[in-house]
Every structure is written in structure tokens, then in C-alpha cells.
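Each chain, written out:
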Amino acid sequence: EPDKQYFVGYSHNRLDHSLVVGFTAGEIGRRNNLLQKQIDTLEIAGVLHDIATPALGDAAKSIDPENLDEEKFWYEALDDKGKEFLQNENLNPQELDRIINNDGVLGQILDIADRITYTMKDLHNVIGVAESKINIHPYLIELRYPLSHHPKIGNIYKDVLVDQKKDIVFFADPDRLGVFLLLRALMHKHLYLDPTSQGRDLFVANLIKPLYAADGSRPLSPAILRQMVDRELLDFLAKHYRFPRLQGEWIYTQLTNWYPRHTRCETQEEAWEKEKEISDSGLLVLGVKECRGFDAGLSYLTLDENQKVVTFEDADPGMAHQIRGIEKDTRAVYVFYTDVSEYT
């Protein structure tokens, strides 16, 4: 059964994401008349690009970013049959590695397919979940406005053009690209980098950290975390910490209904002072976490009004400024804490 992300109430799993990225990347290749070998390679790279993601994703990766980097260790995550498959298909691991790390034309296509896929999948689910509720979060209004004007923005992969002679990948329509980048920026601000999600990630990271060692001297290692699905790791944590219900259902239900309090700071120094202040008041500090923003995609290439290939920022400075402002607003340092007298 596909594992679900623990911090939001909708299905989103590595298998589903990887397959759709592979399909989307391959479709971009087909629409641009790439060689069949290139299309096959793109599809396989899409399937493999997240294979080494550890269970619970970013929460686990934050413990040891170097040794839990999915793009760096994708080949190590393959079993013998997987490596044999690559060999039988004459797929060069070094070439796949370059593509998975977004190098060259095929790497650029994969990067674009990846960003389109997770943004539109999550956007679809967020809107769907919200429509079933009476009280709608205000940020959904921000999402619905551009969607109402561009209801078919999900097919933006059809706008991707490839010039193999110049080794560039670009978008045909700067207006549609701007809407996509705006939607993606809003999703980062209100979902991916929202302090609610960040606080739960920190809480789970704190549970994993004492049980993890890169050298395998503790129960959880990079290889084990790569082999686990989310549910298996949640069950492991529930059993180790002897939560009231020994299966992961407890941590599932509690994490969707509880999150630590947080205070936003602009600098690490301010956060450290606030951490001490909160701790001295008798509250339990879970930790300090810095959010450094995200790549807003403003360097993506597109056609301007003169049909010249330029960066999106040059094609539409006004929209680029708006998107950059959203990205800048996500940069902060958070202090997460809770009241130890509460049940949680």
C-alpha cells in the first residue's frame, strides 16, 4: 500500500510521484522529437530520481543531509535486479546520474518535469480537500485567482521546448510560466515551508535523531531509512518510544491534529535569545529551525514578446518581483516549543 505523507491529509507517495515524473519527462521528450533512446532514458531517470529518498522525506534528511541525499545515493538504493536491469537496457549509470542531478538538456527536462508534477499534484489535492470543508483557509483564495484565469495550467509541460543544438530548454509562453511559478511559490509559502509543516518535521526529526548513525552503529542508518516506507518508520518510532498505541496509527492521528507552537525570528541571534527566554519561562523548546527559502525558478528560460529566449525574470519583471517577494517572505528562523503540562 502506498505510504502517505504524515503531515498533510492527502496521499502523496514516492512511487506515484516518480512514475508521473518519468511519464511527464518522457512526454516532453516525445513532443520535442527526441530520440527514442533519450526518451527511454528520461523515463527511467524519472522513476529513479527519488528512489533513495529516506522514509519521512525532509524530516529524516534534515538529520544528515550529506548521507541522506537522494540524488547522490540513488544507485546505492538499487538492488541487484535493478542494477541488472540498467545493464540489460544499456543504460549508463554515470549518464543517469548526470540527468538526475539536472545536468545537460535531459537533466533540465527532468528538473522541469519534477517541479511541474509535484506542484500540480499537491495543488489538485489541496483544492480538493478544501472544497469538502466549510471553513476554507484564506490562502486558497490566492491559489484560486490564478487558477480561474488559467484552468488548464496543469498541462504546462506542453509548453516546454528543447533546442538540442544550443543545449537549452525553455517555455513557449511567459504568461503561463508566470502563473505556474506563482502557484508554486504560494504552495511553498503556505504548505511546504509553512511553520506547521516545519514544526512537525522538526518533532519527527528529534525522534529519529537519537536512533540514527551514518556508520550503522545505531538501529537506523542511511541504508535502512532508504529501504523503509513512511509507515514502517512511524511504526518503528511508535514501538521504540512506547507510545500509547504501539502501532504507527497513534503517531499518524496525533501528528495530523497537533503541532508545536512557534515564534518567527529574522536572525539566528534573535532566535537563540528567544529560545532562552521561552525555556526560562518553563516551556519545552523543541528546537530552532532556519528556513532559507526556495528556488523560485525565475532563471527558467522563456520566449519574450520578440520570440527571443530570455530568463523569465527578463521576460516579465513585474511578475518576477511578485514571486521573489513571496519567496523572500518564506525566509525566517523559527523557534518551536510546547507546554509540557499539556497532554501532548
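Residues numbered from 1 in each chain as written. Predicted model: local features only at pLDDT ≥ 70, side-chain atom pairs only at ≥ 80, totals over all residues. Heavy atoms only, no water.

Draft legend 1. Just the overall build of the chain, in detail. Scanning the chain from N- to C-terminus turns up 15 helices and 7 strands. Within the chain, buried positions represent 50% of all 344 residues. Counting every atom, the chain has about 17800 Å² of accessible surface; 50% of that belongs to carbon and sulfur. (Helix = DSSP H or I, 4+ residues; strand = E, 2+ residues; numbered from the N terminus. Buried < 20%, exposed > 50% of the residue type's maximum accessible area, 1.4 Å probe, protein only. Areas by Shrake-Rupley, 256 points an atom, 1.4 Å probe, with all protein chains shown as cover.)

Draft legend 2. Region of the structure containing the pairing of strand β7 (residues 332-338). In terms of burial, β7 is a largely internal element, 7 of the 7 residues being buried. Going residue by residue along β7, you find Ala332, Tyr334, Phe336 and Thr338 tucked away on one face and Val333, Val335 and Tyr337 tucked away on the opposite face as well.

Draft legend 3. Structural context of the pattern of salt bridges. In the structure shown here, the tally under the stated rule is 18 salt bridges. Close ionic contact of glutamate 43 with arginine 30 constitutes a salt bridge, the shortest N to O distance being 3.2 Å. In this pair, glutamate 43 is assigned in helix α2 (residues 36-48) and arginine 30 in helix α1 (residues 14-31), connecting sequence segments 13 residues apart. Residue glutamate 43 is classed as partly exposed on the basis of its relative accessible area of 24%. Classification of arginine 30 by relative accessible area gives partly exposed; the value is 33%. Taken together, the shared-partner salt bridges in this structure form one network comprising Lys189, Arg264, Glu266 and Asp329. (Salt bridge = Lys/Arg side-chain N within 4 Å of Asp/Glu carboxyl O.)

Draft legend 4. The arrangement of the confidence of the model for the chain in detail. Residues with a pLDDT of 70 or more make up 88% of the chain, whose mean pLDDT is 89. Overall, residues 1-11 carries pLDDT values under 50, and its contacts beyond four positions in sequence, including any with other chains, amount to 33 contacts. (pLDDT = per-residue confidence, 0-100. Contact = heavy atoms within 4.5 Å.)

Draft legend 5. Spatial organisation of helix α11 (residues 230-240). Within α11, the full set of buried residues consists of Asp230, Leu233, Leu234, Asp235, Leu237 and Ala238. Arginine 242 occupies a position one or two residues after α11 and carries a positive phi of about 55°.

Draft legend 6. Region of the structure containing unusual backbone geometry. Positive phi values are uncommon outside glycine, yet asparagine 90 reaches one of about 55°. Position of asparagine 90 among the secondary structure elements: in the loop between α4 (80-88) and α5 (93-100). The exposure class assigned to asparagine 90 is exposed, which follows from its relative accessible area of 63%. One non-glycine residue, glutamine 307, lies in positive phi territory at about 65°. Look at glutamine 307 and you get exposed, because its relative accessible area is 56%.

Draft legend 7. Expanded view of helix α7 (residues 139-149). Those residues of α7 that sit buried are Tyr139, Leu140, Leu143, Pro146 and Leu147. An end-on view of α7 places all buried positions within 135° of arc, on one side of the element. Turned more than 90 degrees from where α7 packs its buried face, Ile141, Tyr145, Ser148 and His149 sit exposed. (Arc of directions from axis to C-beta.)

Draft legend 8. Examining the packing of α7 against helix α8 (residues 174-192) more closely. Between α7 and α8, the least distance of the axes is 10 Å, while the angle of their chain directions is 170°. In terms of orientation, α7 and α8 fall into the roughly antiparallel class. Here α7 contributes Tyr139, Glu142, Leu143, Pro146 and Leu147 to the contact with α8, which in turn contributes Val179, Leu182, Leu183, Leu186, Met187 and His190. Here the residues of the contact of α7 with α8 are counted per class, giving 9 nonpolar, 1 polar and 1 charged. (Axes fitted to C-alpha atoms, helices over the stretch in contact; angles between N-to-C directions. Parallel < 35°, antiparallel > 145°, perpendicular 65-115°, else oblique. Nonpolar A, V, L, I, M, F, W, Y, C, P; charged D, E, K, R; others polar.)

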